[in-house]
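Summary of structural features
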Amino acid sequence: MNRIKLGTRGSALALWQANHIKNKLSEIHPDYEIEIRNIKTLGDSISDIPLSQIGGDGIFVKQIEIALLSGEIDFAVHSLKDLPTSLPDGLVIGAITERNDPSDVLISKQNLDFAHLPKGAKVGTSSLRRRSQILHARKDLNIIEMRGNVDTRLKKLESEDLDAIILAYAGVERLGYANLVTQKLPYDISLPAVGQGALCVEIRENDKELNDLVRNINHSDSFATVKAERAFLKRLGGGCRVPIAALGQIVNGELKLTGLVGDRDGQTIIRSDISGSMENVEFIGEKLAEVLLGMGAESILDNPLNPPLLRGNPMTT
């Protein structure tokens, strides 16, 4: 039996995702024994500082990619939203599995939906993207910085006396907490992060055996939509200090891409969408980025509070 090593972060959600990919591959290729290796990343080591203040590119994947390049592991599984738009030389995305619902969700203590949260309600989130959009929709809300895994954030809803928290539906559902969801937030209130809800398999470019193995679990429509989103993000050069969101959807055989750039406090949201052929999804992403730049997004991206050093990092979670 062939033995291959899968690298992942060690959180409950990351391990669920790794086992999900392992099981999908084992169903198709039972002759392979897949061993899961936990790797601690910089993002896991620094848990008490807001992501927007840490900086750096790919803090949730870099150590895993080092292990992949060195041969310590054979392939890696990531939440796609954690993966930078530019990969290290020698590494490629081998597969994107079918995407989960990319929506953000509200979990509120009194089971109140977004519109009915009390004035001044304390809402926890780790994301500048969510902060910008939520404050744009309701300037009266009090956004509380909150990091940690899904379990930790759910506990903070009580321990920090919050009125509500906002999380990605995919992570909540994967860990069995979908029953706690008060409301899936409409995309006109909270457009998702680039790649949200999608899992990716990262491999060495020259590893033909692994490439042949993982391509069998690739979902072509999901791959196309997130490829457009990532092209959009890459052209903007946005980082974790800039609220950026995008969502690709297949509508009547075409790719519809919606994207936005906002400032931190939601005073300005620049948003548009375009549609085009599935034959050139990266072009659609780049074109939408140009549209937003023409609408004034460049002034947000060039703000001194959003240093160019961090551009290219898609952690707009």
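Before reading further, recall that the structure is shown in the block above.
The rules we used
- Residues numbered from 1 in each chain as written.
- Predicted model: local features only at pLDDT ≥ 70, side-chain atom pairs only at ≥ 80, totals over all residues.
- Heavy atoms only, no water.
- Buried < 20%, exposed > 50% of the residue type's maximum accessible area, 1.4 Å probe, protein only.
- Helix = DSSP H or I, 4+ residues; strand = E, 2+ residues; numbered from the N terminus.
- Right-handed = clockwise from strand over helix to strand, strands pointing away.
- Pairing = 2+ DSSP bridges.
- Arc of directions from axis to C-beta.
- Contact = heavy atoms within 4.5 Å.
- Polar contact = N/O pair within 3.5 Å; in protein donor to acceptor, adjacent residues only side chain to side chain.
- Phe/Tyr/Trp six-rings, centres within 6.5 Å; stacked < 30°, edge-to-face > 60°.
- Lys NZ or Arg CZ within 6 Å of the ring centre and 35° of its normal.
- Axes fitted to C-alpha atoms, helices over the stretch in contact; angles between N-to-C directions.

**Points about the pairing of strand β1 (residues 2–8)**
- A large share of β1 lies buried, amounting to 5 of its 7 residues.
- Handedness of the crossover joining β1 and strand β2 (residues 32–38) through helix α1 (residues 12–28) is recorded here as right-handed.
- With 2 bridges connecting them, β1 and strand β3 (residues 75–79) associate as parallel partners. Following the sheet pairing, Leu6 is matched in β3 by Phe75.

**Section: helix α4 (residues 62–70)**
- Of all the residues in α4, the buried ones are Ile64, Glu65, Ala67 and Leu68. Looking straight down α4, one finds that the buried residues subtend no more than 160° of arc, so they occupy a single side. Facing away from the buried side of α4, by more than 90 degrees, are the exposed residues Ile66 and Ser70.
- Tucked inside the fold, the buried residues of α4 contact β1, β3, β4 (91–96) and β10 (199–204).
- Just downstream of α4 lies Gly71, where phi reads positive at about 90°.

**Considering the side chain of Ser222**
- One can find Ser222 in helix α9 (residues 220–236).
- Overall, the relative accessible area of 5% leaves Ser222 in the buried class.
- Among the polar contacts listed, one links the side chain of Ser222 to the backbone nitrogen of Arg99, at a separation of 3.0 Å.
- When near neighbours in sequence (up to four residues on either side) are disregarded, Ser222 contacts Ile96, Thr97, Glu98 and Arg99.

**Description of the packing of aromatic side chains**
- Within the structure shown, the criterion is met by 0 aromatic pairs.
- When the ring centre of Phe114 is taken as reference, the NZ or CZ atom of Arg138 above it lies at 6.0 Å.
- If you follow Lys184 out to its NZ or CZ, it ends over the ring of Tyr169, 4.2 Å from the centre.

**Section: the sheet that holds β10**
- As summarised here, the arrangement of the 5 strands in space is β2-β1-β3-β10-β4, forming an open sheet in which the pairing is mixed. Only two strands of the sheet have a single neighbouring strand rather than two, namely β2 and β4. Geometrically, the sheet is characterised by an average inter-axis angle of 30° between neighbouring strands, direction not taken into account.
- For β1 and β2, the ladder comprises 7 bridges, and the chain directions are parallel. Across the sheet, residue Arg3 finds its bridge partner in β2, namely Glu33.
- The strands touched by α1 within the sheet are β1, β2, β3 and β10, with β2 carrying the most contacts at an inclination of about 170°.

**Points about the sheet that holds strand β12 (residues 254–262)**
- Read across the sheet, 3 strands follow the order β11-β12-β13 without closing on themselves; strand pairing throughout is antiparallel. Each of the sheet's edge strands pairs with one partner strand only, and the pair in question is β11 (244–251) and β13 (269–276). Strand-to-strand twist of the sheet, defined as the mean angle between neighbouring strand axes without regard to direction, takes the value 15°.
- With 8 bridges connecting them, β12 and β13 associate as antiparallel partners. Across the sheet, the residue bridging to Lys256 is Ser275, located in β13.
- Where helix α5 (residues 128–137) meets the sheet, it contacts β11, β12 and β13, and its direction lies at approximately 105° from that of β13.
- Packed on one face of the sheet, α9 meets β11 and β12 and runs near 145° to β11.

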